[in-house]
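# Overview (structure and organization)
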Protein chains: 2
Amino acid sequence: MKATASANANIALIKYWGKRNEELILPQNSSVSVTLEGLKTVTTVDFDKKYKKDNFTLNGKKISGEPFERIAGFLNIIRKMAGSGLKAKIFSKNFFPTATGLASSSAGGATLALASSKAIGLDLNKKGLSLLARRNSGSASRSIEAGFVEWEKGEKEDGTDSFGKQVCDKDYWPEFRIIAGVLNEEEKKTKSRPGMKQSVQTCPFYKVWVENSEKQAKQIKKFILEKKFTKLGELAENNALMLHSVMFNTILPIVYFSEKTVEMIKAVRKWRASGLECYFTIDAGPQVKIICLEKDIPEIKRKLKGIKAIKKIYICKPGDGARLINKHLF
Amino acid sequence: MKATASANANIALIKYWGKRNEELILPQNSSVSVTLEGLKTVTTVDFDKKYKKDNFTLNGKKISGEPFERIAGFLNIIRKMAGSGLKAKIFSKNFFPTATGLASSSAGGATLALASSKAIGLDLNKKGLSLLARRNSGSASRSIEAGFVEWEKGEKEDGTDSFGKQVCDKDYWPEFRIIAGVLNEEEKKTKSRPGMKQSVQTCPFYKVWVENSEKQAKQIKKFILEKKFTKLGELAENNALMLHSVMFNTILPIVYFSEKTVEMIKAVRKWRASGLECYFTIDAGPQVKIICLEKDIPEIKRKLKGIKAIKKIYICKPGDGARLINKHLF
């Protein structure tokens, strides 16, 4: 009744921001991401009658309040699927900073779906796992699979066609890299969930965002399959700026940008103008991720050394999806 | 044949960004501004047969190239109106930093319209002056009048209903203040004129911007007349964020924000959360202007001292429009 899963976080090239169904976590638009080697979370789930109640420990800290309620709600979904009443003990550990826009919820949600379904005795395929992971965190539906993944928004009201699918094998484009530079490890202030809900309700640009992102999700899949790096980079940058514009124009405005975010944006654009091909993307936090190819890593690393705001960098290639491992956390 | 005019720059609360007619400088949406005491430009124009060609000196520097061609084009409009073939010598001096988003073109354009029309022998009323100033620079149409001014976009194809009108007397709300904090005196990189043209052509949010700004221009006039400071501040902040979102999503993206811009935005929001009522607005440059009331000036000044990025501040109340003065610059 104990199982442990490992999964990598994913970074979206075309972002998810806003639900059409809050309970089922169905998105307004399709999104496309890369599951990244090295941004790893490991989660052990144990369902046992010895537990009187659910219990969740993240990075050594016992979690309570709203974050715990989310996990407990997810466990109820699993228990209902398995016809079980057992309570669970969960240990989860991120091997990269939590809740700083480095997409830890995507990796966490994917490991939780895999480990808890296995521990409770369900044997789900990848589609089933992605559908389940989505119920915990939308972006988690994309971390079940390896490499480039599309989360199609789907059309069905019950959400059974809204899950992550591989665009191509993870080794299809081995030169592709995303560099996550950690600028600031402070916990972000506006959580994504209430933030995106406010955007759907109040942002005057929201409809345009949905229409454009849906188109861009289709376009970027094509650019991935044709390995058109320039087109991909330009489109990802455009989508990220569009996302933050939607956030800026939400009531009240959501400003994830920090001073250092702008410094990084300007640096990337300057490097590109001088012939070093790289692009940026930014999620729900101040972090700027750089999209580039392997050949340019040495030069980009050298340039990043000149930026004092960066504490640490993670250089990631397309990585594995969620998988079971034998070494339990407790 | 020599005349000198003084005018103050204006800062828009609801911004102008994009033309529906490039040649006549007719805007896509109405805008509302405050003409500010202390952000002054003085311009002397002399039309005389001794000049073989037009000649323009700004802040002691002879201007050539595209900026000169713009002035020469404007002088041709004046000459046509007056039926004159005389060439002009122009001296203009800003008493605040040029081309840093501190709206120097609004003051410059207003002085040029008044001084040149007077020097060539035309006697225009305020409407005529505003219509003329608009041909030089859109925002200049708002600096002819004092205090709170609306530039109605108008409906006519010839632009004769697109000019600046006072919302109320300049002394109607004497407690109203705008603090312009100079962060960085470097010349901005993207000039407004080509930038806004690109936004009209490529920004997916542009239509929403126009519709919303048009509504907001009407709303803010009401808030000014009712002296509803909180509503005015919130609306101005929303409009500024919407403007910069449009810029971000122009192809290629226009990012006037600097690191210091974001630092200032966050500071203003933090001060406000702690009970100090102030709002920000941002134009086509990195500068952040603070909208506040006279009573809060000492506390805001004290807080601004803690922000190292600020070199200098201008505390401005609603000021005079364009007027003739006797002291010529040459």
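As a starting point, this report considers the structure included with it. Source: prediction; values computed, not measured.

Quite often, the size of an interface is put as the accessible area lost when its parts meet. The interface is formed by 23 residues belonging to chain B together with 23 residues belonging to chain A. When chain B packs against chain A, close to 2200 Å² is buried across both sides, 65% of that on carbon and sulfur atoms. Together, B:Phe205, B:Phe248 and B:Glu259 form the three largest contributors to the area buried by chain B at its contact with chain A, with a combined 25%. Remark: the boundary between chain B and chain A carries 0 salt bridges. When contributions to the side of chain B that touches chain A are tallied by element, the ones reaching two or more residues are α5 (206–225), α6 (229–248) and α7 (259–273) of chain B. Sort the elements by how many residues they give to the side of chain B that touches chain A and α6(B) lands first, with 6 residues. Taken together, the residues of the side of chain B that touches chain A break down into 14 nonpolar, 5 polar and 4 charged.

With that settled, the discussion passes to the sheet that holds strand β10 (residues 176–182) of chain A. Strand pairing within a sheet occurs via backbone hydrogen bonds; the two strands may be parallel or antiparallel. Residues and elements named next belong to chain A. Taken in spatial order, the 4 strands line up as β11-β12-β10-β13 in an open sheet, and their pairing is antiparallel. A single partner strand is all that each edge strand has here, and the edge strands are β11 (279–282) and β13 (312–316). In this sheet, neighbouring strand axes are inclined to one another by 25 degrees on average, regardless of whether the strands run parallel or antiparallel. Bridge count between β11 and strand β12 (residues 288–293): 4 bridges; the pairing is antiparallel. Within β12, the residue paired with Ile 282 across the bridge is Val 288. Sitting on the sheet, helix α7 (residues 259–273) touches β11 and β12, and the angle it makes with β11 is about 160 degrees.

Let us look at the pairing of strand β7 (residues 87–94) of chain A. All names here are of chain A. Taking every second residue as pointing to the same face, the buried face of β7 carries Ala 88, Ile 90, Ser 92 and Asn 94, while none of Lys 87, Lys 89, Phe 91 and Lys 93 on the other face is buried. Note: strand β4 (residues 31–48) against β7, 8 bridges, orientation antiparallel. Opposite Phe 47, over in β7, you have Ala 88 as the bridge partner. In terms of strand pairing, strand β5 (residues 55–58) meets β7 through 4 bridges, oriented parallel. Looking across to β7, one finds that Phe 56 is bridged to Ile 90.

Quick notes on the rules
- Residues numbered from 1 in each chain as written.
- Chains lettered and ligands numbered in written order.
- Predicted model: local features only at pLDDT ≥ 70, side-chain atom pairs only at ≥ 80, totals over all residues.
- Heavy atoms only, no water.
- Contact = heavy atoms within 4.5 Å.
- Buried area = accessible area lost by both parts, 1.4 Å probe.
- Salt bridge = Lys/Arg side-chain N within 4 Å of Asp/Glu carboxyl O.
- Helix = DSSP H or I, 4+ residues; strand = E, 2+ residues; numbered from the N terminus.
- Nonpolar A, V, L, I, M, F, W, Y, C, P; charged D, E, K, R; others polar.
- Pairing = 2+ DSSP bridges.
- Axes fitted to C-alpha atoms, helices over the stretch in contact; angles between N-to-C directions.
- Buried < 20%, exposed > 50% of the residue type's maximum accessible area, 1.4 Å probe, protein only.

In short, the description is geometric, and any link to function would need to be established separately.
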